[in-house]
Amino acid sequence: MLEHFDPAQEKDLGTPAVISDTLVEVAIDGIPVQVPEGTSVLRAAALAGITIPKLCASDNLDAFGSCRLCAVQVEGRRGYPASCTTPAEDGMQVTTQNPKLAKLRRNIMELYISDHPLDCLTCPSNGDCELQDMAGAVGLREVRYGFDGHNHLDAEKDLSNPYFSFDPAKCIVCSRCVRACEEVQGTFALNVNGRGFDSKITAGNRDFMASDCVSCGACVQSCPTSTLMENSVIEQGQPERSVVTTCAYCGVGCSFKAELKGDQLVRMVPYKGGEANHGHGCVKGRFAFGYATHKDRIRTPMIRDSLDEPWREVSWEQAIEHTASRFKAIQAEHGRNSVSGITSSRCTNEETYLVQKLIRAAFGNNNTDTCARVCHSPTGYGLKQTLGESAGTQTFDSAMDADVIMVIGANPTDAHPVFGSVLRRRLRQGAKLIVADPRKIDLLKTASLGESQHLPLLPGTNVALINALAHVVVSEGLEDQDFIAKRCDDKQYQQWREFILDEQNSPERMAAVTGLSAEAIRQAARTYANADNSAIFYGLGVTEHSQGSTMVMGIANLAMATGNIGRSGVGVNPLRGQNNVQGSCDMGSFPHELPGYQPVGDDQIRARFEQSWGVSLDPEPGMRIPNMFNAALEGNLKSMYVQGEDLAQSDPNTQHVEAALKALDFLVVQDIFLNETAKFAHVLLPGASFLEKDGTFTNAERRINRVRKVMPPLAGKADWEVTMDLSNALGYPMNYQHPSEIMDEIATLVPTFKGVSYDKLERLGSIQWPCNDENPDGMPIMHVEDFPIGKGRFVLTEFVPTTERCSRRFPLLLTTGRVLSQYNVGAQTRRTANQAWHDEDRLDIHPQDAEDRGINDGDWLGISSRAGDTVLRARISERMQPGVVYTTFHHPESGANVITTDNSDWATNCPEYKVTAVQVEKVSQPSRWQQEFRQLRERQSELLKQRKREPQQG
């Protein structure tokens, strides 16, 4: 089994690949090689196994031709052209090495070295420096030019960024960093100032932390010297080996090389062979991995009898035995439905599968749910009803074929930054952009952006907007009648058509509801419908509403009506939040579905699982998370097993959640830190980070990626091993030797995973499900010829206003979201240097609303709602529209979810985080809840410090 990266995937071929059906044959040093027309001579040589020296060229950047080190001789042509900018032509005869070329290259290298410190032995990039390598490759043996003339050797270092340094004294101004910032990341934070010898790289004439740099690391990765260098490498030295794994932050699912020195992780480098990220990363995946070895990690199982006593450290055997006996006793006294479990969207597919299996087979009920309940459960429901499958339709790369990109309720550059860079690249190429969001998102600020349209709708009016867009499409005859006739159910389409043409859905009627002009809605509809390829990307701003499921179905209706399904450049694309939200849903975490979205009430389906698992299964769906909280408060739910989720911080109406957790007789939390939920726990089982386990994650494009163990689990066990031990102690046997065996079992029970195996994943790199007999290597784009349900189903999507409305008492609407530097509840990123960018949650408010209330930037504001109140500092922002305020939820003490209500989606109970009526006023002290929170935090931290080691039994 492959444990280290494939060097062939990492070889730099000099210039990007060219796609062409026409091949040309060129002879390089007498070796014939065929390449697509337009391929550079430099790349053609590399493909032939011939190495041409280079410094400014890289195969993830457009050819630049500045260093001239890659000069070659072409028969019949004068001079020595740069091979990176010279396209290969049919019949071309190229010479890459002769005495004249050798002298030319040595002279070039001599000039570079004459203004470069000769400190190779103490340089942090010694042994991994392209400048050093090229000096050797061209045979440079002396430098004739002295160092007493004008040079840059005394240039001041920029140490402002917590993750990397910038040493301009070592810069050769190859501009690879500038081009990476522009072409790969799309931020345009770096530039070359000056001309000739005075040229220098700057971050907008400011230090890196004060600039527009987003610390994605693309510049560091592209630098051929130690000018831009990770601080971890400077401190620890060059890594010695690599293991390819998958990032555990957002739903993009980037592949990384975890580079180690001994057993110490030195750095994470984006892996070029990763199909989701193609060698790019973001500040979280690239740099924020220090939490994995943070001092706060829970390394020993702990138990206690009440929330007011110190923890007692116990052995794994004692912890498992204690937990199992308590679960058994509670079920014996209160019935089998008195216990429940929560699976994790941070853990692997295999681990999630085992937790839901434990609940169904060992607990004997279906009281299983997952964090997807509070984020993307409407996606599963809505897409299942319309398209027949609970997942997005495309690859990320498909966006590069889109002519129109519609982003609804999502902020990709913050929440899915690597994919946000893909969108920016396509927008720079000329694609049109439509953004439907209450705020101005950064995608609207894309450099060289062509046509764009921002629809700043009022929170809670998504369905009104999607219906109005569809009304324009149908009333103006913009439908794709051929697609509808061939691919969609005609009866349902006719019913939907009659509904959508009703005047109540017209842009004119919906203008007052959405806050948008009728003309703006009509323009957006025409732009979307008239393009050859239009793609919709949406996020939690779609699903986290009382009509989240309705909106997802409305998006699918619009895509089907315009024929934007089943090919590259189109589709319905949910941007999943956490790293394995898609996988946690696929693995059967919902109470009404077995793995693979198979109904638990279907006798035939259930019989297959019963035969495989050797136990009778309950045919009745279990409790959803909100039902669990209510049942706990009513005294019907007595115990809960929570793996890798922080319900006390992430779920709405925090005070209700805390009351429910306190009401439990027995709460077991399995996590890597003492999170907010664990403060109410009776057993704390150490979790393992993604670096400490084997398994798979499934990203937002249904891509199954391998997670490979980089280091041993700090507490001795991976999460799947803990669940297996607990199941065995409960009396239901689980005996797996490796997660690959769990995946083999999944493949026998889940039709869409039938062809998935670790061997195939090693061979292919990744697989997009469905992977079965019909699609043995997976299906990158879904619904190409038909839908799993046969014909696509149009569903009526009547707009029903949310009950959460503004009033004289609560005149503003609060919506919530994320920032680039932090992740979800912040348990990981708050324990890294990412705190430098976002060390507190703030309330964004429009200048007019601030002026009306006498609010200045930085003032402490009390925010009150029908659910509760909290206090945050003000940030006056033009990104907001009047009447709408915004905050993030990365810091638990901010209490963002203290004020969100328990309103939820009608179909799935997904909370309505995005619409909360609030009032804002200046205050001078924290809210009552915040004061109680701090007291609880201090008390529980003290109880953790007071923990004692309990003698081992036997």
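Quick notes on the rules
- Sequence order as written defines the numbering, with residues in each chain counted from 1.
- Where local features are concerned, this predicted model is filtered to residues with pLDDT of at least 70; where side-chain atom pairs are given and counted, the filter is 80 or more; whole-chain, interface and lining totals use all residues.
- Heavy atoms from the whole structure form the basis of all side-chain values; hydrogens and water molecules are not counted.
- Helix and strand labels come from DSSP, where a helix needs a run of H or I of at least four residues and a strand needs a run of E of at least two; each type is numbered from the N terminus.
- With the radius of gyration taken over C-alpha atoms, the globule rule is written as 2.2 Å times the number of residues to the power 0.38.
- Relative accessibility decides the category of a residue: with a 1.4 Å probe and only protein chains considered, values under 20% of the type maximum give buried, values over 50% give exposed, and everything between is partly exposed.
- Per-residue and other accessible areas were derived by the Shrake-Rupley procedure at a 1.4 Å probe size, with only the shown protein chains allowed to occlude residues.
- Under the convention used here, Asp and Glu are negative, Lys and Arg are positive, and both His and the chain ends fall outside the count.
- Each charge is placed at NZ for Lys, CZ for Arg, CG for Asp and CD for Glu.
- DSSP-based pairing: two strands are paired if at least 2 bridges between them are found.
- To obtain each axis, a line is fitted to C-alpha atoms, and for helices this fit is confined to the stretch in contact; angles are then taken between N-to-C directions over 0 to 180 degrees.
- Helices are assigned an expected span. That span is 1.5 Å times one less than the residue count.
- Aromatic pairing here means that ring centres of Phe, Tyr or Trp (its six-membered ring) are within 6.5 Å. Orientation follows from the plane angle: under 30 degrees is stacked, over 60 is edge-to-face, and everything else is tilted.
- As a reminder, the over-ring test applies to NZ of lysine and CZ of arginine, requiring each to be within 6 Å of the ring centre and within 35 degrees of the ring normal.
- As used here, the term nonpolar core means buried Ala, Val, Leu, Ile, Met, Phe, Trp, Tyr and Cys residues forming a set that is joined through side-chain atoms within 4.5 Å.
- For this analysis, residues touch if any pair of their heavy atoms sits within 4.5 Å.
- Per residue, pLDDT measures the predictor's confidence, with a range of 0 to 100.
- We call two N or O atoms a polar contact when they sit within 3.5 Å, provided that within protein one can donate a hydrogen and the other can accept it, with sequence-adjacent residues counted only if both atoms are side-chain atoms.
- For classification, angles of less than 35 degrees are called roughly parallel, those exceeding 145 degrees roughly antiparallel, those between 65 and 115 degrees roughly perpendicular, and all remaining angles oblique.
- Definitions for this section: a left-handed crossing has its near helix turned counterclockwise from the far helix by less than a right angle. A right-handed crossing has that turn clockwise.

**Quick notes on the overall build of the protein**
- Looking only at helices and strands, the protein has 31 helices and 35 strands in total.
- The C-alpha radius of gyration of the protein comes to 29 Å, within 12% of the 30 Å expected for a compact globule of 954 residues.
- Expressed as lengths along the three principal axes of its C-alpha atoms, the size of the protein is roughly 90 × 75 × 65 Å.
- The buried share among the 954 residues of the protein stands at 63%.
- For the protein, the accessible surface area stands at approximately 34,800 Å², while carbon and sulfur atoms represent 47% of it.
- Within the protein, one finds 96 positive and 121 negative side-chain charges whose respective centroids are separated by 2 Å.

**Considerations on the sheet that holds strand β10 (residues 255-261)**
- Spatially, the three strands line up as an open sheet ordered β9-β10-β11, and their pairing is antiparallel. Either end of the sheet is taken by a strand with one partner, and the two such strands are β9 (241-246) and β11 (264-270). This sheet shows a mean twist of 30° between the axes of neighbouring strands, independent of strand direction.

**Examining helix α14 (residues 462-475)**
- With 14 residues, α14 should cover 20 Å at 1.5 Å per step; its first-to-last C-alpha distance of 20 Å lies within 8% of that length.
- Counting buried residues in α14 gives 13 out of 14 residues, a clear majority hidden from the surface.
- Remark: G477 follows α14 within two positions and exhibits a positive phi of approximately 65°.

**Things to note about the packing of aromatic side chains**
- According to the stated counting rule, one finds 19 aromatic pairs in the structure shown.
- With 5.1 Å between their ring centres and 55° between their planes, F419 and F537 make a pair best called tilted. Separated by 118 residues along the polypeptide, F419 in helix α13 (residues 417-428) and F537 in strand β19 (residues 534-538) bring together distant segments of the chain. Grouping residues by exposure puts F419 and F537 together as buried.
- Aromatic side chains F753 and W769 sit 6.5 Å apart centroid to centroid with 35° between the ring planes, which places their arrangement in the tilted category. Taken as a pair, F753 in the loop between α27 (739-749) and α28 (758-764) and W769 in the loop between β28 (766-768) and β29 (812-817) lie far apart in primary sequence, 16 residues in all.
- Relative accessible area serves as the criterion here: at 1%, W769 is assigned to the buried category.
- Taken together, the aromatic side chains of Y163, F164, F166, F208, F287 and W837 make up a single cluster linked through ring pairs.
- Sitting over the ring of Y886, R439 keeps its end group 3.6 Å from the ring centre.
- A cation sits over an aromatic face here: R487 above F787, 4.6 Å from the ring centre.

**Overview of the nonpolar core**
- By size, the foremost hydrophobic cluster in this structure holds 70 residues, and its most contacted members are L228, L265, I405 and F419.
- At five residues, the largest contribution of residues to this core is made by α13.
- Apart from the residues lying within four places of it in its own chain, the contact partners of I405 are L423, R426, L427, A431, K432, L433, I434, A535 and F537.
- Core analysis: the next-biggest nonpolar cluster, separate from the first, contains 61 residues, W316, I605, Y736 and M743 among them.

**Structural notes on the confidence of the model for the protein**
- Of the residues in the protein, 99% reach a pLDDT of 70 or more, and the chain-wide mean stands at 94.
- Across residues 1-5, where pLDDT falls below 50, the model places 17 contacts with residues more than four positions away in sequence or in other chains.

**Looking at the side chain of E230**
- The topology assignment puts E230 in strand β8 (residues 228-230).
- A distance of 3.0 Å separates polar atoms of two side chains, one belonging to E230 and the other to R286.

**Some details on the pairing of strand β27 (residues 703-707)**
- Most of β27 sits out of view: five of its five residues are buried.
- Of the two faces of β27, the one lined by R703, N705 and V707 and the one lined by I704 and R706 are each fully buried.
- Both strand β26 (residues 695-698) and β27 contribute to a ladder of four bridges, which runs antiparallel. For G695, the partnering residue across the bridge sits in β27 and is V707.
- In this antiparallel pair of consecutive strands, β26 and β27, the connection spans four residues, and R702 shows a positive phi of 65°.
- With three bridges connecting them, β27 and β28 associate as antiparallel partners. Counterpart to I704 in the pairing with β28 is I767.

**A few points about the packing of helix α9 (residues 316-334) against helix α26 (residues 719-730)**
- In contact at an axis separation of 9 Å, α9 and α26 are set at 50° when each is read in the N-to-C sense. The angle between α9 and α26 falls in the class oblique. Relative to α26, α9 is oriented so that their crossing is right-handed. Contacts between α9 and α26 pair W316, I320, T323, A324, F327 and K328 from the former with V722, D725, L726, A729 and L730 from the latter.

**Let's talk about the side chain of N98**
- Within the secondary structure, N98 is located in the loop between β4 (93-95) and α3 (99-114).
- Among the residues examined, N98 registers a relative accessible area of 18% and is labelled buried.
- Here the side chain of N98 touches K100 through a polar contact of 3.2 Å, landing on its backbone nitrogen.

**Considering the sheet that holds β27**
- Spatial ordering of the open sheet is given by β26-β27-β28, a layout of three strands whose pairing is antiparallel. Strands at the two margins of the open sheet, each flanked by one partner only, are β26 and β28. Going across the sheet, the axis of each strand differs from the next one's by a mean of 30°, ignoring polarity.
- This element, helix α10 (residues 349-363), spans β26 and β27 of the sheet and lies at about 95° to β26.

**Quick word on the packing of α10 against α27**
- Packing of α10 against α27 brings their axes to within 9 Å, and their N-to-C directions diverge by 65°. Relative to α27, the element α10 lies roughly perpendicular. Where α10 crosses over α27, the two elements pack in a sense that is left-handed. Here α10 contributes E350, Y353, L354 and K357 to the contact with α27, which in turn contributes P739, I742, M743, E745, I746 and L749.

**Quick look at the environment of Q848**
- Within the element layout of this structure, Q848 appears in helix α29 (residues 847-852).
- Spatially, the C-alpha atoms of Q848 and P712 are 54 Å apart, while their sequence positions differ by 136 residues.

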